[in-house]
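What the coordinates show
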Amino acid sequence: MNDESVSMRHQPTLQEHWPANSGRLWLALFAMVLTTACSDRMTSSDNRWGRGGELIAMSGGEGGARYACMTCHGARGEGNGFDAPRLAGLPAGYLQKQMEDFAAGLRPHEVMRDVARFLDSQERVSVANHYAALQPHALPPSTEQAIAAGTPELYAGKCQTCHGVEGIGTANGPPLKAQPAFYLTQQLQDWQVSKRRNDGSHVMLKVAQQLKSEEVRQLSLFLAQIPPHPAPADR
């Protein structure tokens, strides 16, 4: 048989190939979908150079400089004295939970939602551990407005059971001392209108809704003027 007769042999068409290959193609696509679904971050990358908690905090990790924690929370986790809270010295478990809640939309905040979603679960743990290990730093109070005489008693009656004496924190609530007054007011107002509902048992929702506007302001001023201290060891 010569070469010409060989070239005239029937060549299989794409349609004739398809039944034999389709199973393998679908298997490959299914595996790709499963691989993508295994990550809980907004975007994935083979080059996870920003895995260390400090490096992520300073650089933004996968999200880039726009999402670096230090941009709002300061190089030492001291906050910005306004609407970005102090992170330094807060309990690691509390910090991790807030990032998980931001990522899941349980604590609404557009910027923090994206920051948290650019991190996977292990990276959130790393960032939380980094800030928890820092010595507490806070900016000076932005105001020295006089605190009403009854405010310490108001705090003791409404907040101290969960947040500890002078806002040091307990196993049931995070430290509040040395947080910006504006931030604290904003959070209490969010609790009051149910914008924030991520405490599980809704205790904060009930307590916040019992407070008058001036009481919210006074509590915020009171806590903002207490110097920061490390969280208790059991947190």
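Heads up: these notes are all about the structure in this document. Predicted, not measured: the structure shown is a model, and the values here were computed from it. (Residues numbered from 1 in each chain as written. Predicted model: local features only at pLDDT ≥ 70, side-chain atom pairs only at ≥ 80, totals over all residues. Heavy atoms only, no water.)

1. Some points on the environment of Lys177
Defined as follows: Secondary structure elements follow DSSP: runs of H or I no shorter than four residues count as helices, runs of E no shorter than two count as strands, and numbering proceeds from the N terminus. Any residue under 20% of the maximum accessible area for its type is buried, any over 50% is exposed, and the rest in between are partly exposed; the area is computed with a 1.4 Å probe on protein chains only. Contact criterion: two residues are considered in contact whenever any of their non-hydrogen atoms come within 4.5 Å of each other.
Tracing the sequence through the fold places Lys177 in the loop between helix H9 (160-163) and helix H10 (181-192). Since its relative accessible area comes to 4%, Lys177 is described here as buried. Taking the C-alpha atoms as reference, Lys177 lies 8.5 Å from Phe222; in sequence the two are 45 residues apart. If near-sequence neighbours (up to four positions away) are discounted, Lys177 is found in contact with Arg86, Glu166, Gly167, Ile168, Leu223, Ile226, Pro227, Pro228 and His229.

2. Side note on unusual backbone geometry
A positive phi angle, close to 65°, is found at Ala178, a residue other than glycine. Counting through the fold element by element, Ala178 comes out in the loop between H9 and H10. Positive phi is not limited to glycine here, since Ser194 has a value of about 65°. With respect to the helices, strands and loops of the structure, Ser194 is situated in the loop between H10 and helix H11 (203-208). Assessed through its relative accessible area of 27%, Ser194 is described here as partly exposed.

3. Side note on the pattern of salt bridges
So the rule is basically this: Every case where a carboxyl oxygen of Asp or Glu lies within 4 Å of a side-chain nitrogen of Lys or Arg is listed as a salt bridge.
Here the structure, examined in full by the defined rule, presents four salt bridges. The partner of Lys97 in a salt bridge is Asp101, with the nearest N and O atoms 2.5 Å apart. A residue pair is termed a helical-turn pair when its members lie 3 or 4 positions apart in one helix, as Lys97 and Asp101 do in helix H5 (residues 92-104) at four residues. Between Asp114 and Arg113 there is a salt bridge whose closest N-O contact spans 3.2 Å. With relative accessibility at 16%, the residue Asp114 sits in the buried group.

Any link to function would need more than the numbers given here.
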